Amino acid sequence: MTDSTIGTSAGGLRRDINWKGAFWVASGVPALVLFSIGGIAGMTQEAAFLVWMLSMLLGFVQSFTYAEIAGLFPNKSGGASVYGAAAWLKYGKFLAPLSVWCNWLAWTPVLSLGCAIASAYIVNALAGAMPGLGAWELFNFSIPGLVDISFGSTFFIGAVLMLIVFAIQHRGILGTAKVQTVVGLLVIIPMLIVGLVPLFTGGVNYENFTPAIGEWVNSNWTLFFGGLFIAAWSTYAFETAICYTSEFKNPGVDTFKAIFYSGLLCLVIYILVPFTFQGVLGAEGMTQPGIVDGSGVAAAMAGMVHGGSFVDGLLQMLMILALLLAIMTAMAGSSRTLYQGSVDGWLPRYLSRTNHRGAPTSAMWTDLCFNLVLLSFAASDAGAYYFILAISNCGYIIFNFLNLNAGWIHRIDNAHIKRPWRAPTILLAAGTVLSYFNAMLMGAGAKTWGSPDLLWYGLGAAGLIIPVFWFRHFVQDKGRFPDHMMQDLGLKGGSLGERKAGILPYLTLAGGIGVMLLAHFLFTLE
């Protein structure tokens, strides 16, 4: 299929952008550092910068595997989970949708979490300017043992912000890319300035980097791994740059460039910003409530560049723009994951509908409604914020495990397919090793974020795909996949191809589960 659209509904997705457009759509990823910079500092103390740097380097190495497998599917959208799912499908019908579901489960909460922080900034600004327009509440209630839910100013402003992002995305990928180019420049340049200025003004205190977490006993290793676990949600996320393969004008060239240059940008931001924050504020400053929940980050940044009230106000606006940028990136990527999952027969059919501009509107509405529910939690309870983030990250680690191993499975099963870009074998092998490291992080670190049982909650959330896929595949499609699903691999008529990898994928799954469980019981907080 070589025409300018792809999909099953009127219009389909359009080949409207090149790698630069995808780069700017993905430019919201660096802003994700602001979502958890305080929480990670509170957990890992002086080792926080080490966590961010190491996590970013791991994410960069992993991205080369994703760049290769994306090149195999010039006619698919939805990102690495879709490309990796095609490798696992022949080894188990439920493994492919698990990858896609877990990727969406990881990305979609960016909408609610980002809107919760952004609306808190707006509420605080209104309270300072016009006290009567600050925080207010219509009603509240509790879910015993889980969360207190409040419907007030933070929720409703967050909902309005979400609708604004929806309206921008409704114009299609080209319009989204144009908006994000402008907003991305307004956000990234100030972030770089804030990161660099203290280095030249003597504001960095290098004593703030020692000692690293104290004695490296079991409980402190658990906290360190907990920091790496939650950092992965942000630092690995630039893989969203390859969510738009079927919308690239020249996917063979654009795919690698999009993820590589997005990775370089994140490498700079995720090392520079945490380094400067820790160097100026120290562990004590970074664990203040306003940094942990995100509402005081702008004031901290203003202090780092010795700005007055004007700079503080400017940076408040920067934070809101940065959060909106991350939200737009998340909606663009997560909606296309739902869309392609529907086109390929894994998720309900209605998700494959697009509008006349080529935007996957049904998937976007699903994102919106789901996140309005999450927003009611995140806007009401600070503890719920990290609880939601950690559960979604369990899905992200599962996705990463499956997709890093999809690289070598594709090499074995689909060696005959031309690769526009081929990863060096040593990096493909490194990605495989890191898949087990990620499984260990999930097993050891998930328990550190709000509940000792969070790992099981995360696995339960991942398991929700079972009834969803069962309905689509066995009820709607009568047990048959769409004929076009594997066409990029030269397979037609519903054929899934030969299982050339034999028993290896099953051993890989067993090994990953074993590593996760061993880490869960080996590393404790006691």
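Everything below is about the structure shown above.
This section reports on the structure supplied with the text. (Residues numbered from 1 in each chain as written. Predicted model: local features only at pLDDT ≥ 70, side-chain atom pairs only at ≥ 80, totals over all residues. Heavy atoms only, no water.)

### Concerning the side chain of Ser376
(1) Moving on: The residue Ser376 is located in helix α14 (residues 361–378) in this model.
(2) Moving on: Not counting chain neighbours up to four residues away, the residues in contact with Ser376 comprise Ile149, Ser150, Phe151 and Phe155. (Helix = DSSP H or I, 4+ residues; strand = E, 2+ residues; numbered from the N terminus. Contact = heavy atoms within 4.5 Å.)

### Comments concerning the packing of aromatic side chains
(1) Moving on: In this structure the tally under the stated criterion is 35 aromatic pairs.
(2) Moving on: With centroids separated by 5.4 Å and ring planes inclined at 20°, the aromatic side chains of Phe256 and Phe260 adopt a geometry described as stacked. With a gap of 4 residues between them, Phe256 and Phe260 both fall in helix α10 (residues 251–286), about one helical turn apart.
(3) Moving on: Among the aromatic residues, those joined into a cluster by ring pairs are Trp19, Phe60, Phe64, Phe256, Phe260, Tyr261 and Trp421. (Phe/Tyr/Trp six-rings, centres within 6.5 Å; stacked < 30°, edge-to-face > 60°.)

### A short note on the pattern of salt bridges
(1) Moving on: Within this structure, the stated rule accounts for 5 salt bridges.
(2) Moving on: Ionic pairing is found between Asp477 and Arg349, a salt bridge with its closest N-O pair at 2.7 Å. Within this pair, whereas Asp477 is found in the loop between α18 (465–476) and α19 (504–522), its partner Arg349 is found in the loop between α13 (309–343) and α14, the two being separated by 128 residues in sequence.
(3) Moving on: The class of Asp477 is buried, set by a relative accessible area of 12%.
(4) Moving on: Look at Arg349 and you get partly exposed, because its relative accessible area is 42%.
(5) Moving on: Within the structure, one salt-bridge network assembled from shared partners comprises Glu68, Arg411 and Arg419. (Salt bridge = Lys/Arg side-chain N within 4 Å of Asp/Glu carboxyl O. Buried < 20%, exposed > 50% of the residue type's maximum accessible area, 1.4 Å probe, protein only.)

### Re unusual backbone geometry
(1) Moving on: Of note, the phi angle at Gln45 is positive, near 55°, even though the residue is not glycine.
(2) Moving on: Among the structural elements, Gln45 can be located in the loop between α2 (33–44) and α3 (48–70).
(3) Moving on: Overall, the relative accessible area of 31% leaves Gln45 in the partly exposed class.
(4) Moving on: Unlike most non-glycine residues, Lys478 shows phi in positive territory, near 55°.
(5) Moving on: The topology assignment puts Lys478 in the loop between α18 and α19.

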